[in-house]
Amino acid sequence: MNRMINIKEILKTRVLVLDGAMGTMIQEYNLQESDFRTNRFANITANQQGNNDLLSVTQSAIIQAIHEKYLEVGSDIIETNTFNANRISMADYEMEGLVYEMNYESAKIARKAADKYSAKTPNKPRFVAGSIGPTNKAASMSSDVNNPGYRAASYDDFFEAYQEQIEGLIAGGVDLLLIETVFDTLNAKAALFAANEAMKKLGKQVLVMVSGTITDQSGRTLSGQTPEAFLSSLSHVDLLSIGFNCALGAEQMKPYIKELSEKSRFNVSAYPNAGLPNEFGEYDESPHEMGLQIKQILDDQTVNIIGGCCGTTPAHIEHFVGLAEKANARKIPSLATETVLSGLEALRINAENNFINIGERTNVAGSRKFARLIREKKYEEALSIARQQVENGAQVIDINLDDAMLDAKSEMQTFLNLLVSEPDIARVPVMIDSSDFEVIETGLKCLQGKAIVNSISLKEGEEAFRQHAEKVKNYGAAVVVMAFEEQGQAVTFEDKIRISERAYRILVDEIKFNPADIIFDVNILTIATGMSEHDNYAVDFIQAVKWIKENLPYVKTSGGISNLSFAFRGNNMVREAMHSVFLFHAIKAGLDMGIVNAGMLQVYDDIEPNLRELATNVILNKEKDAADKLIDYAQQVKNEDASDVQKIAEWRTDSLEERLVY
Ligand code: THG
């Protein structure tokens, strides 16, 4: 515990230096197959040369000597020799069975080395970070070009592999965990969840650092995320630091580090490779050359932790230590508590942004066409509905596959795995809509971005609510909380705000859920049904939204807009007008987002004035017979529509020439 508080305090005062590459140093020892495997592993069939992580078990003296070289030149933090020590990567070496021991022994070696130097320089304590690499597989990308929905390993595979690795690291005595070289954020999210489980199981807390890698000039991760989307996807955990490593060298990394520096509430780290790779794929920037770039990053004051990745040696690190000693640490900016969601790109939801449209059409209960396509397994066409929503302005897409005729869990997985392979759709965040929490969990295991869970509620009591909320938090999603409780659905203003406040207190006070990640939906119910007890539903909703935004800090509000007008099914003109009038008032009251038919929203000022007034009277419950008047109007429009249809039918009977004229 002491060392944990210590490193946070030290980071406020100076830039800490990570060590350099382990692999580059191991190469210098020219180790042969027999050095790697020793007698202990004589019977393993797979070749072990190159299995560097095995050396912590078979050549511990060499690994310790390398750690000490970096400590000798002034590294504050050294990384354990465990970058590939997980059962997914170790399968290549048939060494899955050795994973725990590799991590445990590696941590012990690094611990011993760090403690030795902490004793030598008591005013400069040294720390051990457990290195957790990305594995050789991707959780959100297909490794089969002909099958975009295929995944070589599942979220659960990653979760289990990481938990095993992390338990070894923690038991071996690391101070920190460093989830590094992240190229697919879903892998990293599984590692974060696993870290939480491992700490709980072992009853020991360690701090967590994350470092991604941007390997192409487009400025995106391999899985397609922008730096801001990457940051948003991993900010649900209180990280010690976030940053970038490896990749194309310090110069290329600079702008991405700057962006993190501006947007991150965590410390920022950078440990690039020694320049661009040469023709042999090696990195050979000298300490001096690389130091020029590192000095610029330090001068910009955009980092709190600096170091080196591939190709960097103790000579590089020695140079960086000298630079870091003279540098001022980045000051963490005071950032407003904001809601930031993501797909491949980030979506900020704040007072300056307009209302957020959530596309409703990828819902088997809300679109007959989508339901049919899913039932017939026409996924390409089903995806085109999602694409159309995004093209029509949806900034989030709601996906619901709950249907008695469907296996919703498997459909959710299939559909999302396909969807995330389409960059024009996957750029927006996903809202996973299901009344079955298992379906929601299945969905969360497919999405690297920061998604929205739709929804949880107090319907089944506080215990289930807590359990669901805790899980959503660990998966790193935002959550829609519906105004339901044990006794049923909130209909009145009083019930809506009472239940919302009750949920808020549990989420924020007990579960420590980020309030900016809570979205209250206090039930948009159908009005103008002919039943007078429904007349005030819209007013109750709008007033409850206003109260929530004034009384429950940082939360957002949402609702399913099309529910409002179910009484006018089949009459899109009236429905659209009702939605626009409703939104006009609800947004003024503070409604942040809504599930809508994107592209089918009328501009308020363009609604035919008579219709607009009738709709307003119904929505704001202004007069007793407002609904009747709107129903009369709708009937009249319908009849006109019908006569239009008649006209259209008539012209079809005309001659070709006349038809063309028409
Ligand atoms: N709150 C939250 N989630 C929700 C809702 C909500 N999810 C579902 C629903 N309500 C929002 N989604 C829709 C989607 C479609 C329609 C209504 C709400 C709709 N569909 C046409 C109809 O039924 O007439 C179907 C048209 C067609 O088949 O093409 O109106 O309130 N959190």
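Residues numbered from 1 in each chain as written. Predicted model: local features only at pLDDT ≥ 70, side-chain atom pairs only at ≥ 80, totals over all residues. Heavy atoms only, no water.

**Student:** Give a detailed account of helix α10 (residues 227-234), specifying residues and quantitative values.
**Tutor:** In terms of burial, α10 is largely enclosed, as 8 of its 8 residues are buried. Buried within α10 we find Pro-227, Glu-228, Ala-229, Phe-230, Leu-231, Ser-232, Ser-233 and Leu-234. (Buried < 20%, exposed > 50% of the residue type's maximum accessible area, 1.4 Å probe, protein only. Helix = DSSP H or I, 4+ residues; strand = E, 2+ residues; numbered from the N terminus.)

**Student:** Any chance you could break down the sheet that holds strand β14 (residues 452-456) for me, citing the residues and the numbers?
**Tutor:** Spatial strand order, β19-β18-β15-β14-β13-β12-β11-β20: 8 strands in an open sheet with parallel pairing. The sheet is open, and its two edges are formed by β19 (556-558) and β20 (593-596), each paired on a single side. Put simply, the sheet's adjacent strands are angled 30° from each other on average, direction ignored. In terms of strand pairing, strand β18 (residues 518-521) meets β19 through 3 bridges, oriented parallel. Among the inter-strand pairings, Phe-520 is bridged to a residue of β19, identified as Thr-557. With respect to the sheet, helix α16 (residues 408-419) is in contact with β12 (396-400) and β13 (430-433), its orientation differing from that of β12 by roughly 155°. The strands touched by helix α20 (residues 493-510) within the sheet are β15 (478-482) and β18, with β18 carrying the most contacts at an inclination of about 165°. (Pairing = 2+ DSSP bridges. Axes fitted to C-alpha atoms, helices over the stretch in contact; angles between N-to-C directions. Contact = heavy atoms within 4.5 Å.)

**Student:** So what about the site of the ligand? Which residues, and what values?
**Tutor:** In the vicinity of the ligand, 18 residues are found, and the nearest of them are Asn-454, Asp-521, Asn-563, Arg-569 and Arg-575. Arg-368 is positioned with one of its backbone polar atoms (N or O) 2.9 Å from an oxygen atom of the ligand. Contact distances for the ligand include 2.6 Å between an oxygen atom and a side-chain N or O atom of Asn-563. For the ligand, whose free accessible area comes to 670 Å², the fraction covered by protein is 83%. Here the ligand occupies the largest pocket. Grouping the amino acids of the shell around the ligand by side-chain chemistry returns 4 nonpolar, 7 polar and 7 charged. (Near = heavy atom within 4 Å. Polar contact = N/O pair within 3.5 Å; in protein donor to acceptor, adjacent residues only side chain to side chain. Areas by Shrake-Rupley, 256 points an atom, 1.4 Å probe, with all protein chains shown as cover. 1 Å grid on protein atoms, 1.4 Å probe; cavity = no way out; pocket = protein on both sides within 12 Å on 5 of 7 lines; lining within 4 Å. Sits in = over half its atoms within 2 Å of the grid points. Nonpolar A, V, L, I, M, F, W, Y, C, P; charged D, E, K, R; others polar.)

**Student:** With reference to specific residues and values, describe empty space enclosed by the protein.
**Tutor:** Scanning all chains against the criterion turns up 2 cavities of 30 Å³ or more. By volume, the largest cavity is sized at about 60 Å³. Along the walls of the largest cavity sit Ile-527, Ala-528, His-534, Asp-535, Asn-617, Val-618, Asn-621, Glu-623, Lys-624, Ala-626 and Ala-627, which together make up its complete lining. If you list the elements that add at least two residues to the lining of the largest cavity, you get α23 (609-619) and α24 (626-651). Among the residues making up the lining of the largest cavity, the classes are represented as 5 nonpolar, 3 polar and 3 charged. What the second largest cavity holds in volume is close to 50 Å³. Every residue along the wall of the second largest cavity is listed here: Ile-214, Phe-244, Ala-247, Leu-248, Gly-249, Gln-252, Met-253 and Tyr-256. At 3 residues, the largest contribution of residues to the lining of the second largest cavity is made by helix α11 (residues 250-263). (Points joined across faces, edges and corners; volume = space filled by probe spheres on them.)

**Student:** Talk me through the sheet that holds strand β1 (residues 16-17); I want residue IDs and the actual numbers.
**Tutor:** Reading across the sheet, the 8 strands line up as β1-β8-β7-β6-β5-β4-β3-β2 and stay open at both edges, with parallel pairing between neighbours. Two strands close off the open sheet at either side, each with one partner strand: β1 and β2 (77-79). Pairing between strand β6 (residues 241-246) and strand β7 (residues 267-272): 6 bridges, direction parallel. Its bridge partner being in β7, Asn-245 is matched across the sheet by Tyr-271. With respect to the sheet, α11 is in contact with β6 and β7, its orientation differing from that of β7 by roughly 170°.

**Student:** For a negative patch on the surface, give the residues involved together with the corresponding values.
**Tutor:** A contiguous patch of negative charge on the surface is contributed by Glu-279, Glu-282, Asp-284 and Glu-289. Residue Glu-282 is classed as partly exposed on the basis of its relative accessible area of 45%. (Patch = residues over 30% accessible without salt bridge, like charges linked within 9 Å, V, L, I, M, F, W, Y side chains within 5 Å. Salt bridge = Lys/Arg side-chain N within 4 Å of Asp/Glu carboxyl O. Lys, Arg positive; Asp, Glu negative; His and termini not counted. Charge placed at Lys NZ, Arg CZ, Asp CG, Glu CD.)

**Student:** Give a description of the state of the cysteines that names residues and reports values.
**Tutor:** For the coordinates displayed, the defined rule picks out 0 disulfides. Looking at the unpaired Cys-310, the closest cysteine sulfur is the one in Cys-246, lying at 3.8 Å. (Disulfide = S-S within 2.5 Å.)

**Student:** Mind laying out α16, listing which residues take part and the relevant values?
**Tutor:** With 12 residues, α16 should reach 16 Å at 1.5 Å per residue; the first-to-last C-alpha distance of 16 Å fits that figure. Listing the buried residues of α16 in full gives Ala-408, Glu-411, Met-412, Phe-415, Leu-416, Asn-417, Leu-418 and Leu-419. Considering only its buried residues, α16 is in contact with α14 (368-375), α15 (379-391), β12, α17 (423-426), β13 and α18 (437-444). (Expected span 1.5 Å × (residues − 1).)

**Student:** So what's going on with the packing of aromatic side chains? Which residues, and what values?
**Tutor:** Per the counting criterion, the structure on display carries 10 aromatic pairs. Measuring from centroid to centroid gives 6.2 Å for Tyr-100 and Tyr-104, while their planes differ by 10°, and the two rings are stacked. Of this pair, Tyr-100 and Tyr-104 both sit in helix α7 (residues 99-120), separated by 4 residues, roughly a single helical turn. Since its relative accessible area comes to 26%, Tyr-104 is described here as partly exposed. Summarising the aromatic geometry, the rings of Phe-193 and Tyr-475 are spaced 5.0 Å apart at their centres and angled 85° between planes, so their arrangement reads as edge-to-face. With Phe-193 in helix α9 (residues 185-202) and Tyr-475 in helix α19 (residues 462-475), this pair connects stretches of sequence that are 282 residues apart. No difference in accessibility class separates Phe-193 from Tyr-475, as the two residues are buried. (Phe/Tyr/Trp six-rings, centres within 6.5 Å; stacked < 30°, edge-to-face > 60°.)

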